[in-house]
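Read off the chains here:
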Protein chains: 2
Amino acid sequence: MIVTEQQQRALNWFATLRDRLCLAFEAIEDEAGIPYAGMPPGRFTRKTWQRPDVSGDGGGGTMALMQGRVFEKVGVNVSSVHGTFHQEFAKAMPGAGEEGQFWAAGISLVAHMRSPLVPAVHMNTRHIVTTLHWFGGGADMTPIFPDEADTTDFHTALQAACDASDPTYYPRFKEWCDRYFFLPHRNEARGIGGIFYDNLDTGDWEADFAFTRAVGEALLDVYPRIVRRHMNRPWTEDQRQVQLVKRGRYVEFNLLYDRGTTFGLKTGGNIEAILMSLPPLAAWT
Amino acid sequence: MIVTEQQQRALNWFATLRDRLCLAFEAIEDEAGIPYAGMPPGRFTRKTWQRPDVSGDGGGGTMALMQGRVFEKVGVNVSSVHGTFHQEFAKAMPGAGEEGQFWAAGISLVAHMRSPLVPAVHMNTRHIVTTLHWFGGGADMTPIFPDEADTTDFHTALQAACDASDPTYYPRFKEWCDRYFFLPHRNEARGIGGIFYDNLDTGDWEADFAFTRAVGEALLDVYPRIVRRHMNRPWTEDQRQVQLVKRGRYVEFNLLYDRGTTFGLKTGGNIEAILMSLPPLAAWT
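Residues numbered from 1 in each chain as written. Chains lettered and ligands numbered in written order. Predicted model: local features only at pLDDT ≥ 70, side-chain atom pairs only at ≥ 80, totals over all residues. Heavy atoms only, no water.

A word on the sheet that holds strand β4 (residues 101-112) of chain B
Residues and elements named next belong to chain B.
Reasoning step 1: Spatial strand order, β1-β2-β3-β4-β5-β6-β9: 7 strands in an open sheet with antiparallel pairing. Of all strands in the sheet, those bounded by a partner on one side alone are β1 (45-50) and β9 (193-200). If you compare each strand with its neighbour and ignore which way they point, the axes differ by 10° on average.
Reasoning step 2: Examined bridge by bridge, strand β3 (residues 73-84) and β4 share 12 bridges and lie antiparallel to one another. Residue pairing in the sheet places valine 81 in a bridge with alanine 104 of β4. (Pairing = 2+ DSSP bridges. Helix = DSSP H or I, 4+ residues; strand = E, 2+ residues; numbered from the N terminus. Axes fitted to C-alpha atoms, helices over the stretch in contact; angles between N-to-C directions.)

Rendered as structure tokens:
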């Protein structure tokens, strides 16, 4: 498998962003106050996995997982895989062509927080290469008790990342996010949204890569601020119960609708990495 | 909608079985010992729901739900619905014909127990009428720490119910159950199995109805015995954690694979009734 300089740069970025996210989250673990007294600050542990290397398929990834005190469970996966799509998927994959060959790399982050006053967050960006090449991803936030300042800050950060590239991005990608992270059987949104994009290829690879980096930078800037704003506020058992039920909805979305999850499960991906997004604890009434 | 005497008898049976199950489970709540001290015995509450009565579609059901002390969450649903299948489902439904008309009634039970030493259980039987008519259903058990005596008793009770009707039933329906309640992405079974059957129409409606009743009677006999055997044994926090993780697998199965769940969600069934099978609390590591 020949990896171009562009592919290598994308992969390096995903790994660098992962390292910076892990450091930022570990710093928050160290700062945690009264509600976390008696619990040690969490640290990420890393675990690598490999795809079975058969008939040209291969690659793998690294899961960084922390079960901490502020971050009850947070996973940051970086993966780089290549191979041949099975025929049924090749049809759905732009440019996969007759041979169905692909290369894909990306970063995926999901954080479930101990305090019900701190929103959960999800971010994923990826670069995919077939006979075509494109970027995709997004970021969205799931507060249990939505806070106007958080919502504004989160959307503002993502809008700034979008606007730096193209003023049409934000309205389109925000609407796409609202449409995607929706539970039709509940007729309710997963959270307060954010942005979602896919198949982004403007013809200017450098610009598209810069936009993808900007999404990661935005998350890295805004989310720790939101966490710090609420993490040391005391919470009640009733609020915790509301959080666990909200997490149940998160499980429903991921197992019933999320394309990444169902795609991964059906193509024999790494189970631990695919299901790292599931919350540490969830309730149904 | 004209309901035949046979359909009425099936429906009466499902309601009678529900009443007997609820009484049996409430009796267990009253008997609970030391580990449940300070918790009041649970009682079922019932809630009815109706399908929107448009263009000949209608019916509804009653959910009986208990969040007790031995039974952390147990639901017993009885429903009776009729109408017209959407075209895509009509194709998959034997005898639905051009007009896609159907009548369906059934009982569904799922029990998640507080003690990790007491198995969870599921039972469902149903009678469906299109231009054809048949019975379907089954029962299966999900221990957290399998116990040989429980497993033997559970299988023996279901085998006796099968053998009274037809000696070929048990081996076929047991294998069907093992095949159905399996999580391919984990390469693991949901529990220790039981029986599963569908499209049962031998041409002798009375015999098929008798078999369906026998499955219900078997569950009503064997499961309370297994619950009483273990419910008052003390358990540890570690065992509880193993239980919560096992329940996560139950959630995965129900949302990813269970035909009843995905069928219900996609046809706009009653959400509360469909998702009553989900555990009160579940964990992912």
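Moving on from the model shown.
Describing the side chain of threonine 125 of chain A
Residues and elements named next belong to chain A.
Reasoning step 1: For threonine 125, the position within the fold is in strand β5 (residues 120-129).
Reasoning step 2: Since its relative accessible area comes to 0%, threonine 125 is described here as buried.
Reasoning step 3: Sequence-distant contacts of threonine 125, that is, excluding residues within four places in its chain, are made with Phe14, Ala105, Gly106, Ile107, Gly136, Gly137, Gly138, Tyr197, Thr212 and Val215. (Buried < 20%, exposed > 50% of the residue type's maximum accessible area, 1.4 Å probe, protein only. Contact = heavy atoms within 4.5 Å.)

Brief notes about the pairing of β9 of chain B
Residues and elements named next belong to chain B.
Reasoning step 1: In terms of burial, β9 is largely enclosed, as 7 of its 8 residues are buried.
Reasoning step 2: As paired elements, strand β6 (residues 133-142) and β9 share 6 bridges and run antiparallel to each other. Bridge pairing in β9 links alanine 139 to isoleucine 195.

Some points on the packing of helix α3 (residues 148-163) of chain B against helix α5 (residues 205-230) of chain B
Residues and elements named next belong to chain B.
Reasoning step 1: Closest axis-to-axis distance for the α3/α5 pair is 8 Å, and the angle between their directions is 165°. As the angle between them shows, α3 and α5 are arranged roughly antiparallel. In this structure, α3 crosses over α5, and the sense of that crossing is right-handed. Listed contacts from α5 to Ala149, Asp150, Asp153, Phe154, Ala157, Leu158, Ala161 and Cys162 of α3 are Phe211, Ala214, Val215, Ala218, Leu219, Val222, Arg225, Ile226, Arg229 and His230. (Parallel < 35°, antiparallel > 145°, perpendicular 65-115°, else oblique. Left-handed = near helix turned anticlockwise from the far one by under 90°.)

Considering the pairing of β3 of chain B
All names here are of chain B.
Reasoning step 1: In terms of residue burial, β3 counts as a mostly covered element, since 10 of its 12 residues are buried.
Reasoning step 2: Where strand β2 (residues 58-66) and β3 come together, 9 bridges link them in antiparallel fashion. The residue of β3 that forms the bridge with methionine 66 is valine 74.
Reasoning step 3: Hairpin connection from β2 to β3: 6 residues lie between these consecutive antiparallel strands.

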